[in-house]
Amino acid sequence: MADEAKPQEEPASFAANEDGDQKPETDAEAEKATTATAEAAATAAAAAAAAAPVQGMPAPAVEPVRSQPPAPKRVAGWLGKKSPHPLKFGYYQRRFFVLDRAELSWWRDEESSKNMYERLGSLDLNTNHCLASFVPTSTIKFLIEPVNGRWVAGGNFTGHNKGRLFYLESRASPVSREMWVEAIENHVEWARANLTL
């Protein structure tokens, strides 16, 4: 009997596995892999198109990082500070003041100003919004007062929990009251600018 011809089988499709060996895959698996590859390519193309500027349109602006402005000049000198004590009403105590980095501090004398532990009081202009103005009846006196009538925080002085007004006089200071008021205003402005960074 003659050899009967065997029907020819369709060649199977093959795919490489992780080791590089060939293994057959079904038509459904091949179609799924093709679809996944096409979707990945479409996603990558969409991301690239979104990142690239549209022709004729400017690229989106990148906001630069703002750095802290330099601190205003340090000011130091003798001032008279009106005593908050009721029995010393109207009496001005002679104190050595330093205005540095939006903090106004005072000591008994210039030598003790080198030691923070000997500081008698301070007013932090970074946390306390205030106004400095001239006392109209004097050529040497000026006033520092809280904006809303009360000190918020950051102060080490008698009356910090009330709306104490600081009356100061520049009689013994090499710095005029005009320069003190301007310096205080500059430090307050610098402190506010830093809050918006």
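Every residue gets a number counted from 1 within its own chain, in the order that chain's sequence is written. In view of the model being predicted, local features appear only for residues whose pLDDT reaches at least 70, and side-chain atom pairs are presented and counted only at 80 or more, with totals across whole chains, interfaces and linings using the full set of residues. Side-chain numbers come from the whole structure's heavy atoms, not from hydrogens or water.

(A) Highlighting the pairing of strand E7 (residues 130-134). Strand pairing is defined by DSSP finding a minimum of two bridges between the two strands. By definition, any uninterrupted DSSP run of H or I lasting at least four residues is a helix, any uninterrupted run of E lasting at least two residues is a strand, and each is numbered from the N terminus. In this sheet, strand E8 (residues 141-146) lies alongside E7 in antiparallel orientation, the contact comprising five bridges. Its bridge partner lying in E8, Ser-133 is registered against Leu-143. Hairpin remark: E7 followed by E8, antiparallel, with six residues in the connecting loop.

(B) Spotlight on the environment of Lys-141. In this fold, Lys-141 is placed in strand E8. Remark: exposure states derive from per-residue accessible area (1.4 Å probe, protein chains only) relative to the maximum for the residue type, with buried under 20%, exposed over 50%, and partly exposed in between. Note on Lys-141: relative accessible area 25%, which makes it partly exposed. Lys-141 sits 61 residues away from Gly-80 along the chain, and the two C-alpha atoms are 8.8 Å apart. In this description, contact between two residues means that some pair of their heavy atoms is separated by no more than 4.5 Å. Not counting residues up to four positions away in its chain, the partners in contact with Lys-141 are Tyr-92, Phe-134, Val-135, Leu-168, Glu-169 and Arg-177.

(C) Structural context of the packing of aromatic side chains. Ring geometry is summarised as follows: Phe, Tyr and Trp rings, the Trp one being its six-membered ring, pair when their centres sit within 6.5 Å, and such pairs are stacked at plane angles under 30 degrees, edge-to-face over 60 and tilted between the two. On inspection of all chains with the given rule, the structure shows four aromatic pairs. Arranged with centres 5.5 Å apart and planes meeting at 75 degrees, the rings of Trp-78 and Phe-96 form a pair that is edge-to-face. Residue Trp-78 is found in strand E3 (residues 75-82), and its partner Phe-96 is found in strand E4 (residues 92-100); the two are separated by 18 residues along the sequence. Classification of Trp-78 by relative accessible area gives buried; the value is 17%. Residue class for Phe-96 comes out buried when judged on its relative accessible area of 6%. In textbook terms, an aromatic cluster arises when at least three aromatic residues are bridged by ring pairs, as seen for Phe-97, Trp-106, Trp-151 and Phe-166.

(D) Broad picture of the nonpolar core. Note on terminology: a nonpolar core comprises buried Ala, Val, Leu, Ile, Met, Phe, Trp, Tyr and Cys residues joined through side-chain atoms within 4.5 Å. Membership of the largest hydrophobic core comes to 25 residues, with the highest contact counts inside it found for Leu-99, Leu-123, Leu-125, Phe-142, Ile-144, Trp-180 and Ile-184. Where this core is concerned, the elements lending two or more residues are E3, E4, strand E5 (103-107), E7, E8, strand E10 (166-169) and helix H2 (177-195). If one sorts the elements of this core by residue count, H2 sits on top with seven residues. Here Trp-180 is in contact with Val-75, Ala-76, Gly-77, Leu-79, Phe-97, Leu-99, Leu-104, Phe-142, Ser-173 and Val-175, once residues within four sequence places are set aside.

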